[in-house]
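# Remarks on the overall topology
Here is what each chain is made of, one letter per residue.
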Amino acid sequence: MLIKTNEADTSITEQQQQLAQLIEHFTPSDGIHPTAIPSLALIRASEISQPIYSVYQPSLCIVAQGSKLVILGRESYTYDLSQYLVASVNLPISGQVVQATTEHPYLCIRLDFDSGQIFDLIQDTPSAQPKPDHSTQRGLFVSSTKPSLLEAVIRLVRLLDTPEDIPALAPLFIREILYRIIQDEHGHSIKQFAIQDSHAQHIAEVIEVIQSDYAKPLRIKQLAAMINMSSSSLHHHFKAITAMSPLQFQKQIRLHEARRMLLAGSTDAANAAFQVGYESPSQFSREYARMYGLPPKSDIKRLRHTLDIKN
């Protein structure tokens, strides 16, 4: 009996293998590797990782091998070589590689983008222009990887072998990649931030203020007035996009920054607490331990030990 194979499945499997080989070629060691294409980074990990807390910028992540778990607020997203992840706005996230070995390392590309690129693409592409819609969607999503998207990504990564072609061709390939993801079924999650005077665009402004002024007290009424919203509307749309309240968002940003300070060795826990806006060191320690699993001193000791082992 003859068994028919799906040509599309065969094609995407071959593309995934090609992308994995390219990433391995350009990543001789574990870590995040910047490239000659400023917005493109290649990522490799040969073992399962501890959760890593960071603030994701708007970016596309495509896995070519292995898998990763991402947590936003209380929501979890797992994606592997059959899926890609997009963060449409700056978000505090926990990410953990959950499938990787020395023989088959986790391999991923990250392509950063901004709302200006999306706006220009929407303006120049009638089929990509969003319908009038004031709803807000989560600023993070996972979607199935299509062969057309993989093809464009492979062409972009291959440019690293011919750096003289990057200035002319990389912008074209990146534009095609962004076109593919905004045409996806979840494309509105990205386009909403490029729509002039949309709720999402206003929430992005609030996110930017909270990030830059994280050490200051959170004034919800002032933020709501800044974007001409009521306080209740601000809470509603902010949570729809970020999966958390403005206060929870600020707390995560504060704790991320305090952890960074402590790991750098530039201060102690009490001073870090005050620098990021806490009035009570004990409250800071409680919230720090709740988020990272250990009090500040023990957590930093564990982190440094892990870094020493890897180095």
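Residues numbered from 1 in each chain as written. Predicted model: local features only at pLDDT ≥ 70, side-chain atom pairs only at ≥ 80, totals over all residues. Heavy atoms only, no water.

Right, let's talk about the pattern of salt bridges for a bit. The tally for this structure, following the rule as stated, stands at 13 salt bridges. The closest approach of N and O atoms between Asp299 and Arg259, which form a salt bridge, is 2.9 Å. Here Asp299 is found in helix α12 (residues 296-310), whereas its partner Arg259 is found in helix α9 (residues 246-264), with 40 residues between them in sequence. Each member of the pair, Asp299 as well as Arg259, carries the same accessibility label: buried. Between Arg302 and Asp299 there is a salt bridge whose closest N-O contact spans 2.7 Å. (Salt bridge = Lys/Arg side-chain N within 4 Å of Asp/Glu carboxyl O. Helix = DSSP H or I, 4+ residues; strand = E, 2+ residues; numbered from the N terminus. Buried < 20%, exposed > 50% of the residue type's maximum accessible area, 1.4 Å probe, protein only.)

Moving on: the nonpolar core. Ranked by size, the top nonpolar core spans 52 residues in total, and within it Leu72, Tyr79, Leu85, Tyr106, Leu140, Ile203 and Leu234 carry the most contacts. Looking at this core, the element that brings in the most residues is α9, giving 6 residues. Apart from residues lying up to four places away in sequence, Leu234 is in contact with Ile203, Val206, Ile220, Leu223, Ala224, Ile227 and Met229. With 41 residues, the next largest nonpolar core counts Leu19, Leu150, Ile190 and Ala194 among its residues. (Core = buried A, V, L, I, M, F, W, Y, C linked by side-chain atoms within 4.5 Å. Contact = heavy atoms within 4.5 Å.)

This next bit is on the packing of helix α2 (residues 115-124) against helix α4 (residues 166-182). Running from amino to carboxyl end, α2 crosses α4 at an angle of 75°, the nearest separation of the two axes being 10 Å. Considering the angle they form, α2 stands roughly perpendicular to α4. Side by side, α2 and α4 meet where Gln117, Ile118, Asp120, Leu121, Ile122 and Asp124 of the first sit next to Ile174, Arg175, Leu178, Tyr179 and Ile182 of the second. Class assignment for the residues of the contact of α2 with α4 results in 7 nonpolar, 1 polar and 3 charged. (Axes fitted to C-alpha atoms, helices over the stretch in contact; angles between N-to-C directions. Parallel < 35°, antiparallel > 145°, perpendicular 65-115°, else oblique. Nonpolar A, V, L, I, M, F, W, Y, C, P; charged D, E, K, R; others polar.)

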